Amino acid sequence: MPTLVNYSGDDEFYSGGPFCSAEVYCPPRKRVRISGPFVVEDRSKDPSLEILPDECLFEILRRLPGGRERSAAACVSKRWLMLLSSVRNSEICRSKSQNNLSSVEEVNGDSNDTTMIYKDEDLEVECDGYLTRCVEGKKATDVRLAAIAVGTSSRGGLGKLSVRGSNSVRGITNVGLSAIAHGCPSLRVLSLWNVPSIGDEGLFEIARECNSLEKLDLSQCPSISNKGLVAIAENCLSLTSLTIESCASIGNEGLQAIGRCCTKLQSLTIKDCPLVGDQGVASLLSSGATMLTKVKLHGLNITDFSLAVIGHYGKMIANLNLSSLRNVSQKGFWVMGNAKGLQSLVSLTITLCKGATDVGLEAVGKGCPNLKHMCIRKCCFVSDGGLVAFAKASGSFESLHLEECNRITQTGILNTVSNCRKLKSLSLVKCMGIKDLALQTSLRLPCESLRSLSIRSCPGFGSTSLAMVGKLCPKLHQLDLSGLCGITDAGLLPLLESCEAGLVKVNLSDCLNLTDQVVLSLARLHGETLELLNLDGCRKVTDESLMAIADNCPLLNDLDVSTCAITDSGVAGLSCGVQVNLQVLSLSGCSMVSNKSVPYLKKLGENLLGLNLQHCSVSCSAVELLVEDLWRCDILS
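This text gives an overview of the structure that appears in the document. (Residues numbered from 1 in each chain as written. Predicted model: local features only at pLDDT ≥ 70, side-chain atom pairs only at ≥ 80, totals over all residues. Heavy atoms only, no water.)

**Details of the overall build of the protein**
Secondary structure summary: the protein contains 23 helices and 21 strands in total. Split into buried and exposed, the 637 residues of the protein put 51% on the buried side. Counting only contacts in the protein whose residues sit at least 6 apart along the sequence, the fraction spanning at least 24 positions is 79%. Surface summary for the protein: the accessible area is close to 29,200 Å², and the carbon and sulfur share equals 52%. (Helix = DSSP H or I, 4+ residues; strand = E, 2+ residues; numbered from the N terminus. Buried < 20%, exposed > 50% of the residue type's maximum accessible area, 1.4 Å probe, protein only. Contact = heavy atoms within 4.5 Å. Areas by Shrake-Rupley, 256 points an atom, 1.4 Å probe, with all protein chains shown as cover.)

Spelled out as structure tokens, the structure:
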């Protein structure tokens, strides 16, 4: 190789190439002017910030002048990112000039970190005006939370964070939650679902830094105990909503602290927490300054004592949900009603409680004068007597939902409807005790207020029962009889004829014995008001029904004739009808609908937003043409 430096005093040219072995760039045919020996620099010995201990590097990073600089520094390495995320907002050194500059940049919109934030695909701005982020599954790691904290800290940090699940290898720990606490002091809403590695230490940091926290949701967090909840209670005095679900280490002590400190709490949900008992629930609900309006207690080891406290102190409670309370007896519900403290109660849901009996139900009806919505699920000891007594005692309730209450019979339903002057909605689901018996209805007064009737999957409810109910419901707007295999045209036609106001929504799915005769009557009697019709599974319904719908239902916007005996002729007839608002059409399982229907579907598709052609005889190429023409419509095939 030619000598790199060869100068003897004369003007000779160096004949080497443009790059030399010492990584020094030498332009070709350049006259050499070096008069001394060339020293090759060893770059491996350059000073580096990486040799500094974390304590020194921390002091440097917290002195970075603005959010743009901190975001850029966080991109250097994982170490720098994690150190920056450990800097509390109060520890950032800001001079007066830097604060003024930051304000100018924010007003003028020239700050680069604003651009960086908007480029984050998961970051959104809620209508409440604060940033929100949801991290799920594999993306849920400490590094990601640290990046979120650093990237949003210059704009005040997140207002809402939801963590759902965790990375199985590098899951979220207290380090990640601490980073959020340091960078997002204005956090208002925090939801942690299924994050077993987060414990009290992470919640301590949230409590210390995020004093504006308003809503906390902890679900399947086994490492969080009473200590973490106590810290939240003592520092987050603005808490208005608390949800604790399947947290095996949280018990009475944490709830007592919440009741003692969080006087603004309005919503409380506690579910499947084995350590929570009467002491915690009662102390929270009996707090003198309680503002609780919504309470849900599910699967807890509480007794009648807790229900007595609710009945006495729950003066502000408007929504109460009691579920799977194994140790609560009839006495608990009786005392809750007779305490007469639930004067503001509007909605009550009771699910799978053996203590919910006729006696307790009557007491609740008498003690809750403003109760409007009642839902009873899987309460095997509630019978006709209790239901009717409740209806007579509570004269203001408007909505009744009964599900899997097998002691309720046809007599109880008819008497309840007849005795409720303000009942607007009645829903029966899987009530196996209802049998199709002929009863005298002439002595019962019709319920002029009832607008919605839903009877689903009650196999004993047949045409006779339906005809009797129809006579008591002349003002119906919504009718749902899905899954009633026992009803026929003869049972449904009297109900359709007795409805004076005009039906708006009708669901007859899986009513296998209904024929075109019902649809023809429905179209003739209620076509001017009908907006939704579901005939899914009514195999005896044919093209004749579609023709009637086409001619008589101008306001129809949702039609489902899946698995009906519909052909291309029916689709053609529907396309020539008076429907100008049809937005959703389902023909799923109509095997006799083929490519011949494509032109008619295009005509219908001028207003369609949803079209279901699954399991039809329409080819893929025809569907592709429809997709091109109906670009506004979501097509399933």
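**Let's talk about the pattern of salt bridges**
Within the structure shown, the criterion is met by 8 salt bridges. A salt bridge links Glu-398 to Lys-424, with the shortest nitrogen-to-oxygen separation between them at 4.0 Å. Here Glu-398, found in the loop between helix H15 (384-393) and strand S12 (399-403), pairs with Lys-424, found in the loop between helix H16 (410-419) and strand S13 (425-429); they are 26 residues apart in sequence, far enough to count as distant. Judged by its relative accessible area of 41%, Lys-424 is partly exposed. (Salt bridge = Lys/Arg side-chain N within 4 Å of Asp/Glu carboxyl O.)

**A closer look at the state of the cysteines**
Per the counting criterion, the structure on display carries 0 disulfides. We note that Cys-184 lacks a disulfide partner, and the nearest cysteine sulfur, in Cys-210, lies 7.1 Å from it. Cys-221 provides the cysteine sulfur closest to Cys-247, a residue in no disulfide bond, and the two sulfurs are 4.9 Å apart. (Disulfide = S-S within 2.5 Å.)

**What to know about helix H6 (residues 142-152)**
Counting buried positions along H6 gives 8 out of 11 residues, so the element sits mostly inside the fold. Within the sequence span of H6, burial applies to Asp-142, Leu-145, Ala-146, Ile-148, Ala-149, Val-150, Gly-151 and Thr-152.

**Side note on the environment of Val-519**
Here Val-519 is to be found in helix H19 (residues 516-526). Owing to a relative accessible area of 3%, Val-519 belongs among the buried residues under this scheme. Expressed as a C-alpha distance, the spacing of Val-519 and Ser-545, which sit 26 residues apart in the sequence, is 5.8 Å. Sequence-distant contacts of Val-519, defined by excluding residues within four places in its chain, comprise Leu-535, Val-541, Ser-545 and Ile-549.

**Thoughts on the pairing of strand S8 (residues 294-298)**
Looking at chain direction, strand S7 (residues 267-271) and S8 are connected through 5 bridges and run parallel. Within the sheet, the bridge partner assigned to Ser-267 lies in S8 and is Lys-294. Direction of pairing for S8 relative to strand S9 (residues 319-323): parallel, over a ladder of 5 bridges. When the bridges of S9 are listed, His-298 appears paired with Ser-323. (Pairing = 2+ DSSP bridges.)

**Considering the nonpolar core**
In terms of nonpolar packing, the biggest core is built from 166 residues, with Leu-320, Leu-481, Leu-492, Leu-559 and Leu-587 touching the most fellow members. For this core, the leading source of residues is helix H9 (residues 226-235), giving 5 residues. Apart from residues lying up to four places away in sequence, Leu-587 is in contact with Val-561, Ser-562, Val-571, Val-593, Leu-601, Asn-612, Leu-613, Gln-614 and Cys-616. (Core = buried A, V, L, I, M, F, W, Y, C linked by side-chain atoms within 4.5 Å.)

**A look at empty space enclosed by the protein**
Any empty space left between the atoms is revealed when a probe the size of a water molecule rolls over them. For the coordinates displayed, the defined rule picks out 3 cavities of 30 Å³ or more. Of the volumes computed, that of the second largest cavity is approximately 60 Å³. Lining of the second largest cavity is provided by 12 residues; of these, Gly-259, Cys-262, Leu-265, Leu-284 and Thr-290 occupy positions nearest its centre. The class makeup of the residues in the lining of the second largest cavity is 7 nonpolar, 4 polar and 1 charged. (1 Å grid on protein atoms, 1.4 Å probe; cavity = no way out; pocket = protein on both sides within 12 Å on 5 of 7 lines; lining within 4 Å. Points joined across faces, edges and corners; volume = space filled by probe spheres on them. Nonpolar A, V, L, I, M, F, W, Y, C, P; charged D, E, K, R; others polar.)

**Remarks on helix H14 (residues 358-367)**
Burial in H14 covers these residues: Gly-360, Leu-361, Ala-363, Val-364, Gly-365 and Gly-367. Contacts made by the buried residues of H14 are with helix H13 (330-338), strand S10 (347-351), strand S11 (373-377) and H15.

**Topic: the packing of H14 against H15**
Interhelical geometry of H14 versus H15 gives an angle of 10° and a closest axis separation of 8 Å. Comparing the axis directions of H14 and H15 gives the class roughly parallel. Note on element contacts: H15 touches H14 through Gly-385, Gly-386, Leu-387, Ala-389, Phe-390 and Ala-393, opposite Asp-358, Leu-361, Glu-362, Val-364, Gly-365 and Lys-366. Classifying every residue of the contact of H14 with H15 by side-chain character gives 6 nonpolar, 3 polar and 3 charged. (Axes fitted to C-alpha atoms, helices over the stretch in contact; angles between N-to-C directions. Parallel < 35°, antiparallel > 145°, perpendicular 65-115°, else oblique.)

**A word on the side chain of Ser-347**
Position of Ser-347 relative to the elements: it lies in strand S10. Among the residues examined, Ser-347 registers a relative accessible area of 16% and is labelled buried.

**What about the pairing of S11?**
In the sheet, S10 pairs with S11 via 5 bridges, with the strands oriented parallel. Across the sheet, the residue bridging to Ser-347 is His-373, located in S11. Assessed by its sense of winding, the connection that carries the chain from S10 through H14 to S11 is right-handed. With 5 bridges connecting them, S11 and S12 associate as parallel partners. Bridge assignment links Cys-375 to a residue of S12, and that residue is His-401. Handedness of the S11-H15-S12 crossover: right-handed. (Right-handed = clockwise from strand over helix to strand, strands pointing away.)

**Comments concerning unusual backbone geometry**
Phi angles above zero are rare outside glycine, and Gln-220 is one such case at about 55°. With respect to the element layout, Gln-220 can be found in the loop between strand S5 (215-219) and H9. Within the chain, His-615 stands out as a residue other than glycine whose phi angle is a positive 60°. By the element assignment, His-615 lies in the loop between strand S20 (610-612) and helix H23 (620-629).

**Focus on the environment of Trp-334**
Within the secondary structure layout, Trp-334 lies in helix H13. Since its relative accessible area comes to 42%, Trp-334 is described here as partly exposed. The spatial distance from the C-alpha of Trp-334 to the C-alpha of Asp-304 is 9.4 Å, given a sequence separation of 30 residues.

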